[in-house]
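Architecture and fold: a report
Residue strings, one per chain:
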Amino acid sequence: PSVNLFYNLSDLENDTTYVAFEYWNDSGWVDVNQGSGEGALTPGPGKIGLWNAKAELPNFNNQTKIRIKTWNENYFFDAIYFESSLFNLDTQNPSAPTVNPYPVKTAIYNRSFAGTKETSSSLNVNGENVVPVNGSTTWVYQSNLSAGPNLFVLKSLDAMNNESLPTEINITYDPNYFICGDLDGNEFINVIDVSMLIDVAFRNGIPPTNFNRGDVNGDGVYDIFDVSLLINHAFRGAPAPTGCLPS
């Protein structure tokens with residue numbers, strides 16, 4: 001963040017007066033290097049200065065103060081100082097947000113993402129604020145994906161606009177993509193998929209629109225072999241089936 005300085009400048013002879021800013025760094029006064037509004041000034045009201053505190057005190061979260069030094073061109077050693085009271089300065093960046101595991105490829109057009117962030121911070125996605133500053137440490141973001149690769153750049157910002165390092169989400173949307181054995185199309189294999197496969201194979205159930213989803217050995221029929229492969233994966237830790245033919 002930046003610190004704004006507003007002050008009036010007067011001189012008995014109305015001469016040009018020199019102005020400089022200094023800040024307190026816990027051990028002494030330091031000349032401001034990252035600022036504006038210093039130099040030779042004509043006396044008068046409504047003077048404005050700016051100190052880029054973040055550039056000079058990065059990752060600082062403590063109290064500091066600032067003072068204005070003025071002197072006449074011919075009387076440098078008679079400089080006059082005006083010192084502010086202590087104020088809280090926070091230039092500390094929040095931690096980068098985290099993202100819960102997500103598939104790198106999906107056929108689900110409207111996708112939700114979730115993760116964690118620092119408390120009292122917001123979430124920006126691709127430069128747009130999607131979660132305002134709040135006390136929660138979790139976030140949820142939903143987006144409609146475009147065909148092909150999608151990149152989301154996430155950053156957390158605190159109330160002082162300190163910005164975290166970025167976290168990226170890279171996900172590819174392909175409407176023809178599917179997971180072998182995922183009959184209901186939610187991109188997870190569980191008891192529901194096994195139940196659907198059993199219904200189709202033995203109870204004249206209706207197969208999914210993409211027949212190949214459930215034909216896990218790729219032989220063109222739903223039968224005991226498909227059911228056995230899917231059960232072994234879903235409940236017995238066997239490798240995921242890979243025999244489905246492309247859609």
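Calculation criteria
Residues numbered from 1 in each chain as written. Predicted model: local features only at pLDDT ≥ 70, side-chain atom pairs only at ≥ 80, totals over all residues. Heavy atoms only, no water. Patch = residues over 30% accessible without salt bridge, like charges linked within 9 Å, V, L, I, M, F, W, Y side chains within 5 Å. Areas by Shrake-Rupley, 256 points an atom, 1.4 Å probe, with all protein chains shown as cover. Salt bridge = Lys/Arg side-chain N within 4 Å of Asp/Glu carboxyl O. Helix = DSSP H or I, 4+ residues; strand = E, 2+ residues; numbered from the N terminus. Pairing = 2+ DSSP bridges. Contact = heavy atoms within 4.5 Å. Core = buried A, V, L, I, M, F, W, Y, C linked by side-chain atoms within 4.5 Å. Buried < 20%, exposed > 50% of the residue type's maximum accessible area, 1.4 Å probe, protein only.

The next thing to look at is a nonpolar patch on the surface. Together, Val 191, Ile 192 and Phe 235 give the surface a local cluster of nonpolar side chains, amounting to about 300 Å² of exposed area. Relative to the assigned elements, Phe 235 resides in helix α3 (residues 224-236).

Reading across the sheet, the three strands line up as β1-β6-β4 and stay open at both edges, with antiparallel pairing between neighbours. In this open sheet, the two edge strands, each paired with only one partner strand, are β1 (3-9) and β4 (35-36). Where β4 meets strand β6 (residues 44-51), two bridges bridge the pair, whose relative direction is antiparallel. In the strand pairing of β6, Gly 35 is matched with Trp 51.

The topology assignment puts Gly 205 in the loop between α2 (191-202) and α3. Linking Gly 205 and Asp 31, residues 174 residues apart in sequence, is a C-alpha distance of 80 Å. With residues up to four places along the chain from it excluded, the contact list for Gly 205 reads Asp 199 and Val 200.

Further remarks concern the nonpolar core. Core analysis: the largest hydrophobic core is formed by 16 residues, its most contacted members being Tyr 7, Val 19, Phe 21, Trp 51 and Leu 89. Of all the secondary structure elements, the ones that give two or more residues to this core are β1, β2 (17-24) and β8 (66-72). No other element matches the four residues that β1 contributes to this core. Not counting residues up to four positions away in its chain, the partners in contact with Tyr 7 are Val 19, Phe 21, Gly 37, Leu 41, Pro 45, Gly 46, Lys 47, Ile 48, Gly 49 and Ile 68.

Residue position: Lys 105 is located in strand β12 (residues 105-106). Along the primary structure Lys 105 and Asn 129 are separated by 24 residues, whereas in three dimensions their C-alpha atoms are 25 Å apart. Once you skip the residues sitting within four places of it in the chain, Lys 105 turns out to touch Ile 171, Thr 172, Asp 174, Tyr 177 and Glu 187.

Before going further, it helps to examine the sheet that holds strand β11 (residues 98-99). Strand-to-strand pairing in sheets goes through backbone hydrogen bonds, with the strands running parallel or antiparallel. Ordered by their spatial adjacency, three strands build an open sheet running β11-β13-β16, and the pairing between neighbours is antiparallel. In this open sheet, the two strands that pair with only one neighbour each are β11 and β16 (138-144). In the sheet, β11 pairs with strand β13 (residues 110-116) via two bridges, with the strands oriented antiparallel. When the sheet's bridge partners are listed, Val 99 is paired in β13 with Gly 115.

The quantities given are spatial measurements derived from coordinates; they are silent on function.
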